Amino acid sequence: MLTYAPALAVEGLTKRYGDRAAVDHLTVALPRGVVTGFIGPNGAGKTTTMAMLLGLVRPTSGTGTVLGEPLERPERYLGRVGALVEGPALWPALTAVQNLNVLARLSGHDPGRIPAALDLVGLADRADDRFGEYSLGMKQRLGIAAALLGDPDLLVLDEPTNGLDPVGISDMRDLIGRIAADDRTVLVSSHLLAELEQVCDWLLIIEQGRLAYGGPVEGFATEVGSEIVLGPVDPRELLALTDEVVAVDGHDPRRLAASLNHAAASAGIVLAELHVRRPTLESTYLRLLEGDPR
């Protein structure tokens, strides 16, 4: 169940490097319990934003909270945050269990959580294999297991599917779903929009360091609207019907399609195909970048 007390909230968050603003007055609130896709072109400010949330980079200005604690005091919340940024940095000669034991001791987490973490990421049967012998997908999953050692309330994943084959991408999507089932908040930065659409229920989109959209996935698609798809038909036959149909049904795509079908049938026009197609996240996002308001 979603809890709308924010997992994180920032207001006017800004990071400048000289005259360049990597993040520019970003204001957004992210509810608890959502899987959020963090989207933006290369150089949009995603990595800098995540670094500020994780206490790795100090903001130039702005305020915020993470899990109810002030952004300027990361020591108060980082124990409840897990992160995998730029791939796992683990020891190739050590086994999965040995790697996680070292990390648990260094971070003060309970080593007793290691078996559960390995089971959650699907590596329980490879726990005694060396990290250096793992495939790329297995390495990514072990990195996530490391991020889960503290049983975090917030998990931040930066391009977790980077370099994976289709099977690895599917496995990662399923893993994110299992992690979110424990009522964690998950922030996933990725360029694979089709994958995000299948696992995310919230979006955070930035462009040139500024917020372009923050809210439910469905709300973003609604802003662009649906499309009516017609099968093979001479469009000139429909022109005489268009004004009448739109006047009756406005911009509700389902009612519009039903009225169009009825009007076509009454005029003796056979529509081989007629259905409403909801725009994909990718098509909607590309329209946003291109400045298309439709």
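Residues numbered from 1 in each chain as written. Predicted model: local features only at pLDDT ≥ 70, side-chain atom pairs only at ≥ 80, totals over all residues. Heavy atoms only, no water.

1. Quick look at the confidence of the model for the protein
Where we set the bar: Known as pLDDT, the predictor's per-residue confidence is scaled from 0 to 100. Contact between two residues is taken to exist if any of their heavy atoms lie within 4.5 Å; hydrogens are not considered.
When pLDDT is averaged across the protein, the result is 84; 74% of the residues are at 70 or more. Between residues 244-250, whose pLDDT stays under 50, and residues either more than four places distant or in other chains, the model counts 10 contacts.

2. A look at helix H5 (residues 166-180)
We count it as follows: Helix numbering and strand numbering both begin at the N terminus, where a helix is a DSSP run of H or I of at least 4 residues and a strand a DSSP run of E of at least 2. Each residue after the first adds 1.5 Å to the expected span of a helix. Using a 1.4 Å probe on the protein chains alone, a residue whose accessible area is under 20% of its type maximum counts as buried, one over 50% counts as exposed, and one in between counts as partly exposed. By construction, the arc corresponds to the directions joining the helix axis to the C-beta atoms.
Its 15 residues place the ends of H5 21 Å apart at the C-alpha level, agreeing with the 21 Å of an ideal helix rising 1.5 Å per residue. Every buried residue belonging to H5 is among Gly 168, Ile 169, Met 172, Leu 175, Ile 176, Ile 179 and Ala 180, and all of these are buried. In an axial view of H5, the angular spread of the buried residues amounts to 130°, which keeps them on one side of the axis. Turned more than 90 degrees from where H5 packs its buried face, Pro 166 and Val 167 sit exposed.

3. Quick word on the pattern of salt bridges
Definition in use: Salt bridges, as used here, are contacts in which a Lys or Arg side-chain nitrogen is within 4 Å of a carboxyl oxygen on Asp or Glu.
Inspection of the entire model under this criterion finds 8 salt bridges. The partner of Glu 69 in a salt bridge is Arg 76, with the nearest N and O atoms 3.8 Å apart. In this structure Glu 69 comes out as partly exposed when scored by relative accessible area, which is 23%. Two residues, Arg 73 and Glu 75, come together in a salt bridge whose shortest N-O distance is 2.4 Å. The class for Arg 73 is partly exposed, based on a relative accessible area of 35%. Taken together, the shared-partner salt bridges connect Arg 113, Asp 151 and Arg 184 into one network.

4. A word on the nonpolar core
How we decide: The term nonpolar core refers to a set of buried residues drawn from Ala, Val, Leu, Ile, Met, Phe, Trp, Tyr and Cys, joined through side-chain atoms within 4.5 Å.
Of all hydrophobic cores here, the largest spans 44 residues; its most connected members are Leu 142 and Ile 144. Apart from residues lying up to four places away in sequence, Leu 142 is in contact with Leu 90, Ala 96, Leu 100, Leu 118, Leu 123, Phe 131 and Tyr 134. Grouped together as the second largest cluster of nonpolar side chains are 26 residues, Val 10, Leu 26, Leu 71 and Trp 202 included.

5. Structural notes on the pairing of strand S7 (residues 154-158)
The test is simple: By the convention used here, strands pair only if DSSP detects at least 2 bridges between them. Clockwise travel from the first strand over the helix to the second, with the strands pointing away from the viewer, marks a crossover as right-handed.
Within S7, 5 of the 5 residues are buried, which leaves the element mostly enclosed by the surrounding structure. Residue alternation in S7 divides its side chains into two sets, Leu 154, Val 156 and Asp 158 and Leu 155 and Leu 157, and both sets are buried. Bridge count for S7 against strand S8 (residues 185-189) is 5 bridges, and the pairing is parallel. For Leu 157, the partnering residue across the bridge sits in S8 and is Val 188. Tracing the backbone out of S7, into H5 and back to the parallel element S8 gives a crossover that is right-handed.

6. What about the environment of Val 35?
Relative to the helices and strands, Val 35 resides in strand S3 (residues 35-39). Residue classification places Val 35 among the buried positions, given a relative accessible area of 4%. Considered as a pair, Val 35 and Val 188 are 153 residues apart in the sequence and their alpha carbons are 7.4 Å apart. Discounting chain neighbours no more than four positions away, the residues touching Val 35 are Ile 176, Ala 180, Val 186, Val 188, Val 199, Cys 200, Asp 201 and Trp 202.

7. Side note on helix H4 (residues 136-147)
Between its first and last C-alpha, H4 extends 17 Å over 12 residues, near the 16 Å set by a 1.5 Å rise per residue. Gly 137, Met 138, Gln 140, Arg 141, Leu 142, Gly 143, Ile 144, Ala 145, Ala 146 and Ala 147 are the residues of H4 that are buried. Considering only its buried residues, H4 is in contact with strand S6 (81-84), helix H2 (96-107), helix H3 (114-120), S7 and H5.

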